[in-house]
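# Chains, contacts and geometry: an overview
Okay, here's what each chain looks like letter by letter:
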Amino acid sequence: MRFKHLHELNTICTAESKTIAQLMIEEQVQETNTPEADVVQQMSEYYQVMKEAVRKGLTEDTTSRSGLTGGDGKKMAEYIRKGETCSGDASALAMAYALCVSEVNASMGRIVATPTAGSCGIIPGVFISSQERFGWTDEHLVNGLFCAGAIGYVIANNSFISGAEGGCQAEVGSAIGMAAGAMVELRGGTPEQVVHAVGLALKNTLGLICDPVAGLVEIPCIVRNGLGAVTALAAADMALAGVRSAIPSDEVIDVMLEVGSAMPSRHRETAQGGLAQTPTGRKMMQKLAKPKAKRAEPETETQGSNTTDDSNTTVSETDTDSQG
Amino acid sequence: MRFKDVFSIIGPSMTGPSSSHTAGAARLGRIARQWLGCTPNRARLTLYGSFADTYQGHGTDLALIGGLLDYVTDDPRIPDAEQYAEEAGMEVEFYTSGLPAPHPNTVKIELWHGERACSLIGASIGGGSVSVHAMNDFRVQISGEFPTLVLRHADKAGVLASVTSTISSSGVNIGYMQVDRKARDGEALTAMEMDGVPNPDMLKRLRTLDHVLDIRVIDLKRGVDSDAV
């Protein structure tokens, strides 16, 4: 890829008069040696999966396997029909669709990770509701996904996108930044405005912990997806209005890395802190408790060094178990 | 770069609820199965970090089993993988460990089928992307994003030269390569991420080289049991 940072995305696209989506498609073709038609086709298929997830969330039973969540997307859609929204119909619909997709995810239905499954509602929520509102073609939205992908590529390689590594700011936060930036490009904003939208959005999720109740991608994940879709729309509006991220967006991404690395493990998807350890969260966990897997016998393991460097293999053991 | 391309960010299409715990786990299971070369009849899986803490709610166990059955990330059978494993005659045991691991989402997979056995340690690094750190206790660093050749061979001078020249004569570029050995003159393992798909003729020629013990192809896009023993 010719870019690693958002400012490089902006510079290249501005110099070559390209959209971020066009650049991302070209880079993907070059990097993977795959014909452009195949690359676009793959992304189109993903967009259809997203639409199908919205449809499923609106029309089918989305009660999760735990029974804790489901049906909120439908509730939101019904509420919008009554014409009583506080945040405006466009925001509310993005929220409804985002809830639908996240509920399908929680019920082990089919979704597309954007960038993760825990944050899979935000981009479809923003994209599909906006497509209906502005009458865009699928092709336009597929381009939007490439733009979102370019933004996510930068975030993932300079910070993180998983809750286990960087908290929910890395998951829902990245998705909001990607959706906000892509929305700016879909509305005809400049690459520079796209970059500002990402910074504006990310700043608003810094420090967000990952604290899934009972370890499930349900509470608070689903609601955070719904509200995340609204934040993305709002950040896109700010950037399109000319609001700039005073702290450059690349520096905001670095801050996400700093904050996420400093988070204790109990706030990084272990269900050992935050909402998961409230009295109600604990009750839910106890209610759902299943027989645990056996603890690995200590004698079969040797102590690994305490490192997080991916290049080191610290989990090792002498094989005392009978090998076939 | 940890994340290689646009589809490691947008995608995969998958069965919920967690790209790290479900899609990444399914991919790790599939890589392990391809490393074994067939459906295992016994599997022992040890989970570390966040995998150990939250695997049940995420269906990590089901996704790992699905992967061992060669299911792709959005296979609708994943939620019922336990039942399919039973039908396939695959016995699966899960363990958790509190030991430090290279990454919060790490799994050690040990597989057996008759005389065959293999092990793998890998992590799910986010968004469904994975990184395998060890195969049969040899250090590797493979992502599963590219067709990957894994060679077990003797640690002898000239083996790698004959291997790479055989590959280059087939016109396939090696993007990343890592060699590790147990001991000098002992067994060695070489993992190579390739820009193209290894063709049957290349594999056949590689197998005839001196000191090459066996070859496996890891390819998540195609998913073949490379019965290369």
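Residues numbered from 1 in each chain as written. Chains lettered and ligands numbered in written order. Predicted model: local features only at pLDDT ≥ 70, side-chain atom pairs only at ≥ 80, totals over all residues. Heavy atoms only, no water.

### Some details on the overall build of chain A
What counts here: Counting from the N terminus, the helices are DSSP H or I runs at least four residues long and the strands are E runs at least two residues long. Atoms counted for the radius of gyration: C-alpha only. Globule rule: 2.2 Å times residue count to the power 0.38. Exposed residues in this analysis have more than 50% of their type's maximum accessible area, buried residues have under 20%, and partly exposed residues fall in between, with area computed by a 1.4 Å probe over protein chains only. We call two residues in contact when some of their heavy atoms are within 4.5 Å.
When its secondary structure is counted, chain A shows 13 helices and two strands. Taken over C-alpha atoms, the radius of gyration comes to 21 Å for chain A, in line with the 20 Å a tight globule of 324 residues would show. Overall, the C-alpha framework of chain A stretches about 60 × 50 × 40 Å when taken along its three principal axes. Considering chain A as a whole, with its 324 residues, one finds that 54% of them fall into the buried category. Restricting to contacts in chain A with at least 6 residues of sequence separation, those with at least 24 account for 72%.

### Some points on the interface of chain A and chain B
Filter applied, for reference: As a working definition, buried area equals the accessible area (1.4 Å probe) given up by two parts on being put together, with both sides summed. Salt bridges are counted wherever a side-chain nitrogen of Lys or Arg sits within 4 Å of a carboxyl oxygen of Asp or Glu. Polar contact is the term for a pair of N or O atoms within 3.5 Å; when the atoms are in protein, one must be able to donate a hydrogen and the other to accept it, and sequence-neighboring residues count only if both atoms are side-chain atoms. For two strands to be treated as a pair, DSSP must find no fewer than two bridges joining them.
Contacts between the two partners involve 80 residues from chain A and, on the opposite side, 66 residues from chain B. Summed over both sides, the interface between chain A and chain B buries roughly 5,800 Å², with carbon and sulfur atoms accounting for 53% of that surface. On the surface where chain A and chain B come into contact, there are two salt bridges. A salt bridge links Asp74 of chain B to Arg110 of chain A, with the nearest nitrogen and oxygen atoms 2.9 Å apart. Inspection of the region where chain A meets chain B yields 17 residue pairs in polar contact (both at pLDDT 80 or more). Elements with a minimum of two residues in the side of chain A that touches chain B: helix 2 (20-32), helix 3 (36-59), helix 5 (89-106), strand 1 (110-112), helix 7 (138-158), helix 8 (163-166) and strand 2 (294-295) of chain A. By residue number, the principal contributor to the side of chain A that touches chain B is helix 7 of chain A, which donates nine residues. Sheet topology note: the strand 1 of chain A/strand 1 (residues 13-15) of chain B ladder contains three bridges and is antiparallel.

### Describing the sheet that holds strand 8 (residues 148-154) of chain B
Residue and element names in this part refer to chain B. Threshold: To define axes, lines are fitted to C-alpha atoms, for helices over the stretch in contact only, and angles between the resulting N-to-C directions are given on a 0 to 180 degree scale.
The strand order across the open sheet formed by four strands is 9-10-8-11, and the pairing between neighbours is antiparallel. Sheet topology places strand 9 (174-181) and strand 11 (212-218) at the edges, where each strand pairs with a single neighbour. Taken over all neighbouring pairs, the strand axes of this sheet differ in orientation by 15° on average, direction set aside. One ladder, built from seven bridges, connects strand 9 with strand 10 (residues 187-194); its direction is antiparallel. Looking at strand 10, one finds that Met177 is bridged to Met192. Its contacts with the sheet put helix 1 (residues 19-36) on strand 8, strand 10 and strand 11, and the angle it makes with strand 11 is roughly 150°.

Nothing here speaks to function; it is geometry throughout.
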